[in-house]
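Structure assessment
What follows is the residue order along each chain.
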Amino acid sequence: MPLALWWSMVSHQRRYGSRVPQDTVLGPMLFLLHINDLPDCVSFRVRLFADDCLLYRPIYETSDQLALQKDTLALWCNRWGMSFNAAKCEVMRISRKKAFLQKLYTIKGQALQDILE
């Protein structure tokens, strides 16, 4: 029996997920390799640590809020086939002012939760 015919009879098509085992060193390392170019693609400051990502920008006026909300993050996610879990994302405002600019930030249309103190 030819090898090609034998291989077609014994081989089966299978789907494998692209999951990384939890609680290993491999997960955060692969995440950092995957997300490493994010700071070059967005117009705000980015800090990466283990499997977390911090995005921030000083907000002085409404145009700063719009720049932070701009969909450059969504474009990066689409390009790399990755998405941020909006349920795990939060907005933290730090200010000396009692009344600061209010803005509802979203990721792919889902509102982000505000952290109050």
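The coordinates are above.
Residues numbered from 1 in each chain as written. Predicted model: local features only at pLDDT ≥ 70, side-chain atom pairs only at ≥ 80, totals over all residues. Heavy atoms only, no water.

Quick look at the side chain of Asp64
Relative to the helices and strands, Asp64 resides in helix H4 (residues 62–69). A polar contact is formed between the side chain of Asp64 and the backbone nitrogen of Tyr60, at a distance of 2.8 Å. (Helix = DSSP H or I, 4+ residues; strand = E, 2+ residues; numbered from the N terminus. Polar contact = N/O pair within 3.5 Å; in protein donor to acceptor, adjacent residues only side chain to side chain.)

Considerations on the packing of aromatic side chains
Summed over all chains, the structure comprises one aromatic pair. Ring geometry for Trp76 and Phe84: centres 6.4 Å apart, planes at 40°, overall tilted. The residues Trp76 and Phe84 share a single accessibility class, namely buried. (Phe/Tyr/Trp six-rings, centres within 6.5 Å; stacked < 30°, edge-to-face > 60°. Buried < 20%, exposed > 50% of the residue type's maximum accessible area, 1.4 Å probe, protein only.)

Concerning the state of the cysteines
In this structure the tally under the stated criterion is zero disulfides. Cys89 takes part in no disulfide bond, and the closest cysteine sulfur to it belongs to Cys53, at a distance of 8.5 Å. (Disulfide = S-S within 2.5 Å.)

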